[in-house]
Amino acid sequence: SDKFVAKMKIGNASIDGDLFLVSSHSSPDGTTKFLFRINNGGGDELVETVAIPMERTVNSGKRSRITVCVSSQIGCAMGCSFCYTGLMGLRHNLTVGQIVEQVLSVRRLMTISEGHPPVTNVVFMGMGEPFHNFQNVQKAIDILTTPHPNTRHLSGDRITVSTVGLIPQ
């Protein structure tokens, strides 16, 4: 749609976020961790994205879905002692295209394997503090929730942004 294309031009985002799959590891419960390489112009960096399968009972049957846990930064400036990403320090913010491409890549990779349910939910709980990259996170959410004839958009109420909490300066 014209609306979708217009949103993709905001911030020079592209669907191609320059993500290259390095590895994927699945646990017995079906959770799959993807490791992507990103060429940021100054060298390659790695970003993690996780696909979490969920099953719930609805009326008389079970409904399955996949929640994608996306990253918003490489590293994190918050320095939480319990978090490995926080111990890395902040390296840089992910672009709008890199955030969106995490969701689209998981969607493509999971549909290659037969029997996987659709991606219906996104949580910003991966690497980084989403509010430190708020402009790009907001634009990525806008793109993911905009209807487009060639891809399934997400409902805004199925996207969660998690934060450690920012104290006003």
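All of the points below concern the structure found in this document. Keep in mind that what you see is a predicted model, and the values were worked out from it rather than measured. (Residues numbered from 1 in each chain as written. Predicted model: local features only at pLDDT ≥ 70, side-chain atom pairs only at ≥ 80, totals over all residues. Heavy atoms only, no water.)

### Some words on the overall build of the protein
Right, so step 1: Looking only at helices and strands, the protein features four helices and eight strands.
Right, so step 2: Put simply, the protein runs from its N terminus to its C terminus through helices and strands in the order α-β-β-β-β-β-α-β-α-β-α-β.
Right, so step 3: Burial statistics for the protein: of 169 residues in total, 39% are counted as buried.
Right, so step 4: Within the protein, residue pairs in contact and separated by at least 24 positions form 57% of the contacts whose partners lie at least 6 positions apart.
Right, so step 5: Here the protein displays about 9,500 Å² of accessible surface, and carbon together with sulfur accounts for 52% of that area. (Helix = DSSP H or I, 4+ residues; strand = E, 2+ residues; numbered from the N terminus. Buried < 20%, exposed > 50% of the residue type's maximum accessible area, 1.4 Å probe, protein only. Contact = heavy atoms within 4.5 Å. Areas by Shrake-Rupley, 256 points an atom, 1.4 Å probe, with all protein chains shown as cover.)

### Thoughts on the nonpolar core
Right, so step 1: With 28 residues, the main nonpolar core has Val47, Val100, Val103, Val106, Val122 and Phe124 as its most contacted residues.
Right, so step 2: Top element by residues in this core is helix α3 (residues 96-112). It accounts for seven residues.
Right, so step 3: If we ignore the near neighbours within four places in the chain, the residues touching valine 103 are Val68, Val70, Val119, Val122, Leu144 and Leu154. (Core = buried A, V, L, I, M, F, W, Y, C linked by side-chain atoms within 4.5 Å.)

### Some points on the packing of aromatic side chains
Right, so step 1: One pass over the full model with this rule turns up two aromatic pairs.
Right, so step 2: Ring geometry for phenylalanine 34 against phenylalanine 36: centres 6.2 Å apart, planes inclined by 20°, an arrangement best described as stacked.
Right, so step 3: Judged by relative accessible area, which is 2%, phenylalanine 36 ranks as buried.
Right, so step 4: Between phenylalanine 131 and phenylalanine 134 the ring centres are 5.9 Å apart and the planes differ by 80°, which places this aromatic pair in the edge-to-face class. (Phe/Tyr/Trp six-rings, centres within 6.5 Å; stacked < 30°, edge-to-face > 60°.)

### Remarks on the state of the cysteines
Right, so step 1: Summed over all chains, the structure comprises zero disulfides.
Right, so step 2: Cysteine 76 carries a free sulfur, and the closest cysteine sulfur to it, the one in cysteine 80, is 6.3 Å from it.
Right, so step 3: In this model cysteine 83 remains outside any disulfide bridge; the closest cysteine sulfur is found in cysteine 80, 6.2 Å from its own.
Right, so step 4: For cysteine 83, a relative accessible area of 27% translates into the label partly exposed. (Disulfide = S-S within 2.5 Å.)

Read these as spatial facts, not as claims about activity.
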